[in-house]
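# Results of the structural survey
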Amino acid sequence: MQPKSRVKIVGEETLSNGWTRLSSYLLDYIDRKGATQRLKREVYHRTPAACILLYDPKRDLVVLVRQFRLAVHLNGDPAWMIEVPAGLLDDDHPEQAIRREAIEETGYRLREARFLFKSYPSPGAIAEVVHFFVSLIDTADRVTEGGGLAEEHEDIEVLEIPLDEATRMIETGEIFDAKTIVLLQWALLNRSNLR
């Protein structure tokens, strides 16, 4: 039995359609034993996004950003999170979008954006797919201050952190954003190829 034939959407209801759409689904799911189960699930229809690790091989540092995250605040964790630059595609190709986000957030104009892979960060309830990139930079590539767009009320702090220190910040709990952890670990594994 093909996997798609094991799932039939029986009903969908939009629960919210604000910043992102939230839907409730009823589906009939045929399990591995052939029994049909009626399941109810909710899905956030987040649009695709992209993120990038900016790495300066001469100074062996990464450019990260710090910004406020409401969901983290509501969980009682430090809400000004350290992250890699990222953003929604807004109907652009992933590379176009991440070039736009990199300059808006950090002030760095990218010479090259190398696609690495894509990932679903929370596939149990969120439809968002994130495209991961890396770019080699140096000080000459910083053409503006960065910090985000005033009209979007972005308040982004740009951080330049040695790669080894950034990876230690994962262990100390200072960096706990999943996409950032993934890209920093990727950089450690591939550091010799990035120079």
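The protein appears in an unreviewed UniProt entry as GDP-mannose pyrophosphatase from Rhizobium binae.

Relative to the assigned elements, Asp138 resides in the loop between strand S9 (130–136) and strand S10 (157–162). A distance of 2.9 Å separates the side chain of Asp138 from the backbone nitrogen of Ala140, its partner in a polar contact.

So, on to the packing of aromatic side chains. Scanning the model with the defined rule gives 3 aromatic pairs in all. Look at Phe68 and Trp80: their rings are 5.0 Å apart centre to centre, the planes differ by 55 degrees, and that puts the pair in the tilted class. In this pair, Phe68 sits in strand S5 (residues 61–68) while Trp80 sits in strand S6 (residues 80–83), placing the two residues 12 residues apart along the sequence. Its relative accessible area of 36% is what places Phe68 among the partly exposed residues. Residue class for Trp80 comes out exposed when judged on its relative accessible area of 53%.

Ranked by internal contacts, the top residues of the largest apolar core, which has 25 residues, are Leu53, Val62, Leu64, Ile175 and Leu184. Secondary-structure elements contributing two or more residues to this core are strand S4 (49–56), S5, S9, S10, helix H3 (163–171) and helix H4 (178–190).

Considering only enclosed or pocket space, the largest pocket measures out at about 1,600 Å³ in volume. Around the largest pocket, the lining comprises 45 residues; the ones closest to its centre are Trp19, Arg46, Arg69, Glu83 and Glu128. Taken together, the elements giving at least two residues each to the lining of the largest pocket come down to S4, S5, helix H1 (70–74), S6, strand S7 (86–88), helix H2 (94–106), S9 and H4. Sort the elements by how many residues they give to the lining of the largest pocket and H2 lands first, with 4 residues. Taken together, the residues that form the lining of the largest pocket break down as 22 nonpolar, 9 polar and 14 charged. Counted as a void, the second largest pocket has a volume near 210 Å³. Lining the second largest pocket we find Val7, Tyr29, Val43, Pro123, Gly124, Ala125, Ile126 and Ala127.

Here strand S1 (residues 7–17) pairs with strand S2 (residues 21–30) via 9 bridges, running antiparallel. Bridge pairing links Glu12 to Tyr25 in S2.

Below, the discussion takes up a nonpolar patch on the surface. A contiguous nonpolar patch, built from Phe68, Leu70, Leu74 and Trp80 and spanning about 470 Å² of accessible area, is present on the exposed surface. Counting through the fold element by element, Leu74 comes out in helix H1. Using a relative accessible area of 64% as the deciding quantity, one classes Leu74 as exposed.

So, on to the pairing of strand S3 (residues 36–44). Sheet topology places S2 next to S3; 9 bridges connect them, and they run antiparallel. Looking across to S3, one finds that Ser24 is bridged to Glu42. In this antiparallel pair of consecutive strands, S2 and S3, the connection spans 5 residues, and Gly34 shows a positive phi of 95 degrees.

Cut-offs used in this document
Residues take numbers from 1 onward in each chain, read along the sequence in its written order. Residue-level local features of this predicted model are given only where pLDDT is at least 70; pairs of side-chain atoms are given and counted only at 80 or more, and the full residue set underlies all totals for whole chains, interfaces and linings. Calculated side-chain values reflect all of the structure's heavy atoms, with hydrogen atoms and water omitted. Put simply, DSSP marks the helices as runs of H or I at least four residues long and the strands as runs of E at least two long, and each gets a number from the N terminus on. Pairs of N or O atoms are called polar contacts if they sit within 3.5 Å, as long as, within protein, a hydrogen donor faces a hydrogen acceptor (for residues adjacent in sequence, only side-chain-to-side-chain pairs). What counts as a ring pair is set by centres within 6.5 Å for rings of Phe, Tyr and Trp (its six-membered ring), and what kind of pair is set by the plane angle: stacked under 30 degrees, edge-to-face over 60, tilted for all other angles. Burial status follows relative accessibility: with a 1.4 Å probe on protein chains alone, a residue under 20% of its type maximum counts as buried, one over 50% as exposed, and anything between as partly exposed. What makes a nonpolar core is a set of buried Ala, Val, Leu, Ile, Met, Phe, Trp, Tyr and Cys residues whose side-chain atoms join them at distances within 4.5 Å. Here a cavity denotes grid points, spaced 1 Å and computed from the protein atoms alone, that fit a 1.4 Å probe unable to get out, and a pocket denotes an open set having protein on both sides within 12 Å along at least 5 of 7 lines; residues with an atom within 4 Å of a point are the lining. Grid points are joined across faces, edges and corners, and a volume is the space filled by probe spheres set on the points. Just so you know the grouping, Ala, Val, Leu, Ile, Met, Phe, Trp, Tyr, Cys and Pro go in nonpolar, Asp, Glu, Lys and Arg go in charged, and all remaining residues, Gly too, go in polar. For two strands to pair, DSSP has to find at least two bridges joining them. Each patch is built from residues lacking any salt bridge and having more than 30% relative accessible area; the joining distance is 9 Å for like charges and 5 Å for nonpolar side chains (Val, Leu, Ile, Met, Phe, Trp, Tyr). Computed with a 1.4 Å probe, the accessible areas rest on the Shrake-Rupley method; for each residue, only the protein chains presented here act as cover. Salt bridge, as applied in this entry: a Lys or Arg side-chain nitrogen positioned within 4 Å of an Asp or Glu carboxyl oxygen.

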